[in-house]
Amino acid sequence: MVIMDLPLPPMLMLIVAAAGLGLFQLMLAAFASRLGGQDFRWAIGPRDEPRPLSPLAARLDRAFRNFQETFPILIALALALHLSDRGEGVLPLAGAALYIASRILFVVLYALGSRLRSLVWGVSFLALLLMFAGLFN
């Protein structure tokens, strides 16, 4: 029984979903920067003089930078799983779902300034380990 007809295999859909999350985070960080007092003339200029961000804008920027650190690892794992035909096993699919869910929660918690974000980061790291383990299952 097919639950839903995906346009791509699961691991490639994971890359697309994570890329969508990255684009959303980039948009959030840029929008928060503008709301935080960065004027348009400074924003489109060379930005030679750094200006401080509002606390929310700074947190969203750091959350996006953190995402950028794990995204290449996710891509490598998802492609390896897909190319090895191991991308539909329980471990990799659980890891993929856990990664997306935890990264979404991470952004929310980071924006709120919650220290729970560190625990959620650990969950996203565990998700990558599950995907890695799926390569050897």
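Please read all numbers here as calculations on a predicted model, not as lab measurements. (Residues numbered from 1 in each chain as written. Predicted model: local features only at pLDDT ≥ 70, side-chain atom pairs only at ≥ 80, totals over all residues. Heavy atoms only, no water.)

1. Focus on the nonpolar core
(1) Moving on: Membership of the largest hydrophobic core comes to 19 residues, with the highest contact counts inside it found for Met11, Leu14, Ala18, Phe67, Leu74, Tyr99 and Met131.
(2) Moving on: If you list the elements that add at least two residues to this core, you get α1 (10-35), α3 (55-83), α4 (90-112) and α5 (116-134).
(3) Moving on: At seven residues, the largest contribution of residues to this core is made by α3.
(4) Moving on: Excluding residues that lie within four positions of it along the chain, alanine 18 makes contacts with Phe67, Phe71, Leu74, Tyr99 and Ile100.
(5) Moving on: If you look at the next biggest cluster of nonpolar residues, it comprises six residues, including Ala29, Ala57, Leu60 and Val107. (Core = buried A, V, L, I, M, F, W, Y, C linked by side-chain atoms within 4.5 Å. Buried < 20%, exposed > 50% of the residue type's maximum accessible area, 1.4 Å probe, protein only. Helix = DSSP H or I, 4+ residues; strand = E, 2+ residues; numbered from the N terminus. Contact = heavy atoms within 4.5 Å.)

2. Section: the packing of α1 against α4
(1) Moving on: It is the contact of α1 with α4, at a shortest axis distance of 10 Å, that shows an interaxial angle of 5°. With respect to each other, α1 and α4 are oriented roughly parallel. The segment α1 lies against α4, with Pro10, Met11, Leu14, Ala17, Ala18, Leu21, Gln25 and Leu28 engaging Pro92, Leu93, Ala96, Tyr99, Ile100, Arg103, Ile104 and Val107.
(2) Moving on: Tallied by class, residues from the contact of α1 with α4 come to 14 nonpolar, one polar and one charged. (Axes fitted to C-alpha atoms, helices over the stretch in contact; angles between N-to-C directions. Parallel < 35°, antiparallel > 145°, perpendicular 65-115°, else oblique. Nonpolar A, V, L, I, M, F, W, Y, C, P; charged D, E, K, R; others polar.)

3. Examining the packing of α1 against α3
(1) Moving on: Two elements in contact, α1 and α3, have axes separated by 9 Å at closest approach and are oriented at 165°. In terms of orientation, α1 lies roughly antiparallel with respect to α3. As α1 runs across α3, the sense of the crossing is left-handed.
(2) Moving on: Taken together, the residues of the contact of α1 with α3 break down into 22 nonpolar, four polar and one charged. (Left-handed = near helix turned anticlockwise from the far one by under 90°.)

In short, the description is geometric, and any link to function would need to be established separately.
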